[in-house]
Amino acid sequence: MAAMLRLYNTLTREKAPFAPIDPSNVRVYACGPTVYDAAHIGNARPIIVFDLLFRLLRHLYGEAHVTYARNVTDVDDKINLRAAERGITIRELTDGTLKSFHEDVRALGVLLPEDVNVPGERPRFVEPRATDHIVEMVALIEGLIAAGHAYVAEGHVLFDVPSMPDYGALSKRPLDEMEAGARVEVAPYKRSALDFVLWKPSKPGEPSWPSPAGIAEPGRPGWHIECSAMSWKHLGQTFDIHAGGIDLIFPHHENEVAQSRCCFGTDVMANVWLHNGFLQVEGEKMSKSLGNFVTIREVLKDWPGEVVRLAMLKTHYRQPIDWTLRGLEESGRMLERWYEIVGDEAAAPEAGAALVEPLLDDLNTPAALAELHRLDAPADLKAGANLMGLLLPTRSSRAAARVAASGVDVARVEALIEQRRVARAAKDWPASDHVRDALAALGVTVKDNKDGTTTWTVAK
Ligand code: AMP
Ligand code: ZN
């Protein structure tokens, strides 16, 4: 029997003990990235937080007893537009973006399907793509029409919101507020302002698929139906945990619930709904549309992924995080200290109760990290950190953590090293000495290796 995990459930607005439907297959769905462009560091927050949840569930229930589905949205207006601009197919665009996304999140210590899946066994981590599930989406839409919860109008299929008596139970928004919001996109073919699109006609040049019965022209799915289809296919009609950013509660998750429950005639879609707070810059949500974003890739140029992960986990997942240089430097220093304690010691077989306990309390990472900070037995510290996806890699990241802790400007150091290389190649010794002095002033020591490469470290 697993120790008792308690989770804050958006559906009930309460923290409650987590009881999986089937402890031999705990099922979690998280809304994943829309792969039209490089992900920003705000997008990395749900990826890291729910990676931690996945690791914790694997620890509690066993690696073979947790199934995690994190979808990839690979069709939407932005993707269609971007692919058309570049003159490539959406698949070509999204394959490229997804590949970079994988590289980015791997650097952040996030597990990927290939890390956990075992050939011949039930998949433990699936990354379903929307465009591979059009058939399931069409089946759901046809089911909703047949059940009287959706209707066809001018080549669209709309979900009939008034047909669901408890629509709004997740977001708990007053009906008039939802109506006011929905009126923004009022369309003549909608019976109620709240009705939302399940399927729509494709404009010329846009990708299209065979439509649900009753519509002759090919079309494409609305936004929400994909997650109902993918969670159904990979986790079943009802599953344990559904996760995503807080901005997804309404309308995305509310509409997912409406689609799945009304199609299957079930009381719940997922038992527990988890939502992470925003990563903010000077009090505002980091977002593409506000232009106040940095991509994961850009951050990783200056900071080891492990430092970024720790900076993210220092705040409880439901609280907003202010993304600051100071936070990253602090994390660099924490890691540096831990690497020093851990040395070459192997991890203890399991993370100790002192560390697991705070995580059981709705993933209380700040408390778990405070606990790690108190640990000075190397094997326990390492095992605890490993459970949180930290201190996993080898010495190279130890050096990287030291650089991060020092606050040294990595881009500037690399530029100086390049100047030094050019000077030395030209046998311009005074210039080379000058650069060496500039590096020394930054506390950087340079080493020329036998294989022709140059490496550097910072003094402590
Ligand atoms: P989007 O790129 O808007 O589709 O978002 C992808 C995922 O990242 C969703 O789960 C969002 O809730 C989440 N997200 C987007 N911006 C932020 C942010 N600033 N902080 C935390 N999560 C975010
Ligand atoms: Zn979703």
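Residues numbered from 1 in each chain as written. Chains lettered and ligands numbered in written order. Predicted model: local features only at pLDDT ≥ 70, side-chain atom pairs only at ≥ 80, totals over all residues. Heavy atoms only, no water.

Draft legend 1. Spotlight on the nonpolar core. Counting 73 residues, the largest nonpolar core has Ile-41, Leu-57, Trp-338 and Met-388 as its most contacted members. The element contributing the most residues to this core is helix H1 (residues 44-61), with twelve residues. Taken domain by domain, this core gets at least three of its residues from each of domain 1 (19-131 + 228-302) and domain 3 (305-392). With 46 residues, the next largest nonpolar core counts Tyr-36, Met-137, Val-157 and Ala-229 among its residues. (Core = buried A, V, L, I, M, F, W, Y, C linked by side-chain atoms within 4.5 Å. Buried < 20%, exposed > 50% of the residue type's maximum accessible area, 1.4 Å probe, protein only. Helix = DSSP H or I, 4+ residues; strand = E, 2+ residues; numbered from the N terminus. Domains from an automatic or database assignment.)

Draft legend 2. Structural detail: the coordination of the zinc ion (ligand 2). For the zinc ion (ligand 2), the full set of protein donor atoms is Cys-31 (SG), Cys-227 (SG), His-252 (NE2) and Glu-256 (OE), and the range of their distances to it is 2.0 to 2.6 Å. With four donor atoms in place around the zinc ion (ligand 2) and angles of 72 to 128° between them, the coordination shape is irregular. Motif for the zinc ion (ligand 2), donor spacing along one chain: C-x195-C-x24-H-x3-E. Of this pair, Cys-31 sits in the loop between strand E3 (26-30) and H1 while His-252 is found in helix H8 (residues 249-264), placing the two residues 221 residues apart along the sequence. Taking the relative accessible area as the measure of exposure, Cys-31 reaches 11% and is therefore buried. (Donors = N, O, S within 2.8 Å, 3.2 Å for Na, K, Ca; no water. Tetrahedral: all angles 85-135°; square planar, octahedral: opposite > 155°, others 65-115°.)

Draft legend 3. How the structure looks around the pattern of salt bridges. Counting across every chain of the model gives 33 salt bridges. The salt bridge involving Asp-95 is made with Arg-129; its shortest N-O contact spans 2.8 Å. Residue Asp-95 is located in helix H3 (residues 90-107), and its partner Arg-129 is located in the loop between strand E5 (125-126) and helix H5 (134-146); the two are separated by 34 residues in the primary sequence. Residue classification places Asp-95 among the partly exposed residues on the basis of a relative accessible area of 37%. Between Arg-220 and Glu-206 there is a salt bridge whose closest N-O contact spans 3.0 Å. Placement of Arg-220 in strand E9 (residues 219-221) and of Glu-206 in the loop between strand E8 (196-201) and E9 is noted, with a sequence separation of 14 residues between them. Residue Arg-220 is classed as buried on the basis of its relative accessible area of 3%. Within the structure, one salt-bridge network assembled from shared partners comprises Asp-74, Arg-91, Asp-95, Arg-129 and Asp-132. (Salt bridge = Lys/Arg side-chain N within 4 Å of Asp/Glu carboxyl O.)

Draft legend 4. Region of interest: the site of ligand 1. For ligand 1, the set of nearby residues contains 14 residues, the closest of which are Gly-42, Gly-245, Asp-247, Leu-279 and Met-286. Asp-247 is positioned with one of its side-chain polar atoms (N or O) 2.4 Å from an oxygen atom of ligand 1. Between ligand 1 and the protein, one listed contact pairs a nitrogen atom with a backbone N or O atom of Leu-279 at 2.7 Å. Looking at the shell around ligand 1 residue by residue, the classes come out as five nonpolar, seven polar and two charged. (Near = heavy atom within 4 Å. Polar contact = N/O pair within 3.5 Å; in protein donor to acceptor, adjacent residues only side chain to side chain. Nonpolar A, V, L, I, M, F, W, Y, C, P; charged D, E, K, R; others polar.)

Draft legend 5. Examining the sheet that holds strand E11 (residues 270-276) more closely. Pairing within the open sheet is parallel, and its five strands lie in the order E5-E4-E3-E10-E11. If you trace the sheet from one side to the other, it starts and ends with E5 and E11, each paired once. Running over the sheet, helix H7 (residues 225-235) touches E3, strand E4 (66-70), E5 and strand E10 (239-245) and is turned about 160° from E3. (Pairing = 2+ DSSP bridges. Contact = heavy atoms within 4.5 Å. Axes fitted to C-alpha atoms, helices over the stretch in contact; angles between N-to-C directions.)

Draft legend 6. Looking closely at unusual backbone geometry. Omega for the bond connecting Phe-250 with Pro-251 falls within 30 degrees of zero, at 0°, which places this linkage in the cis form. When you line up the elements, Pro-251 lands in helix H8. A positive phi angle is found at Glu-154, which is not glycine, with a value near 50°. At Leu-363, a residue that is not glycine, the phi angle is positive and equals roughly 55°. With respect to the helices, strands and loops of the structure, Leu-363 is situated in the loop between helix H12 (353-360) and helix H13 (365-374).

Draft legend 7. Molecular detail of the layout of surface pockets. When its volume is computed, the second largest pocket comes out at roughly 370 Å³. Where the lining of the second largest pocket is concerned, the elements lending two or more residues are H1 and helix H14 (378-387). Class assignment of the residues belonging to the lining of the second largest pocket gives a composition of eight nonpolar, two polar and four charged. Each of domain 1 (19-131 + 228-302) and domain 3 (305-392) contributes no fewer than three residues to the lining of the second largest pocket. (1 Å grid on protein atoms, 1.4 Å probe; cavity = no way out; pocket = protein on both sides within 12 Å on 5 of 7 lines; lining within 4 Å. Points joined across faces, edges and corners; volume = space filled by probe spheres on them.)

Draft legend 8. Spotlight on the side chain of Arg-420. Turning to its location among the elements, Arg-420 is positioned in helix H16 (residues 410-425). The exposure class of Arg-420 is buried, given its relative accessible area of 8%.

Draft legend 9. Spatial organisation of the packing of aromatic side chains. Applying the stated criterion across every chain yields a total of seven aromatic pairs. Centre to centre, the rings of Phe-54 and Tyr-68 are 4.9 Å apart; their planes meet at 40°, and the pair counts as tilted. Pair noted here: Phe-54 is in helix H1 and Tyr-68 is in strand E4, with a separation of 14 residues, a long-range link. An identical accessibility class is assigned to Phe-54 and Tyr-68; each is buried. Taken together, the ring pairs in this structure connect Phe-54, Tyr-68 and Phe-125 into an aromatic cluster. (Phe/Tyr/Trp six-rings, centres within 6.5 Å; stacked < 30°, edge-to-face > 60°.)

Draft legend 10. Spotlight on empty space enclosed by the protein. Counted under the stated rule, the structure contains one cavity of 30 Å³ or more. Volume-wise, the largest cavity comes out at about 50 Å³. Considering the residues around the largest cavity, the lining is formed by Val-49, Leu-52, Met-312, Leu-313, Thr-315, Tyr-317, Leu-363 and Thr-365. The set of elements that each furnish at least two residues to the lining of the largest cavity consists of H1 and helix H10 (305-313). The residue inventory of the lining of the largest cavity, partitioned by class, reads six nonpolar, two polar and no charged.

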